[in-house]
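Residues per chain are reported as follows:
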Amino acid sequence: DGARDAVGAIVTYRDPGSRIAPDGSSKRLSTQRIAGDEYLCSNEPILRIACGQAAELEDVSVTWPDGTTQALGDLQPNRHYIAIQGASPFIAGQQ
């Protein structure tokens, strides 16, 4: 079941290297959870996001496969977060 595994979920966040424009907007980036790219295979169910020297990844949100969007807020680098639809993200570990 794709929904159970969050296949198709899109994580969106503010580009750590972008400047905020006078109107308050900034560049946003995203990455998507996919199932696999070959016959009978599956990709690791982890999304890795590089944030360079940024102190945090700002304004993170997830758009789930059913179309609902969940704001996760600002997340700290070098941590493993687990996001569950409808629940607050929690830290599973640190690198």
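Each value, and the rule that gives it
Residues numbered from 1 in each chain as written. Predicted model: local features only at pLDDT ≥ 70, side-chain atom pairs only at ≥ 80, totals over all residues. Heavy atoms only, no water. Salt bridge = Lys/Arg side-chain N within 4 Å of Asp/Glu carboxyl O. Helix = DSSP H or I, 4+ residues; strand = E, 2+ residues; numbered from the N terminus. Buried < 20%, exposed > 50% of the residue type's maximum accessible area, 1.4 Å probe, protein only. Core = buried A, V, L, I, M, F, W, Y, C linked by side-chain atoms within 4.5 Å.

Novice: So what's going on with the pattern of salt bridges? Residues and values would help.
Specialist: If you walk through the whole model with that rule in mind, you get 2 salt bridges. With a shortest N-O distance of 3.1 Å, Arg14 and Glu58 are connected by a salt bridge. A residue pair is termed long-range when its members are at least 10 positions apart, and Arg14 in strand S1 (residues 10–14) and Glu58 in strand S3 (residues 57–63) qualify at 44 residues. A residue is classified by how much of its surface remains accessible, and Glu58, at 30% relative accessible area, is partly exposed. Asp59 is the salt-bridge partner of Arg14, the closest N and O atoms lying 3.9 Å from each other.

Novice: So what's going on with the nonpolar core? Residues and values would help.
Specialist: Grouped together as the largest cluster of nonpolar side chains are 11 residues: Ala6, Ala9, Val11, Tyr13, Cys51, Leu57, Val60, Val62, Trp64, Leu72 and Leu75. When contributions to this core are tallied by element, the ones reaching two or more residues are S1, S3 and strand S4 (69–75). It is S3 that provides the largest number of residues to this core, a total of 3 residues.

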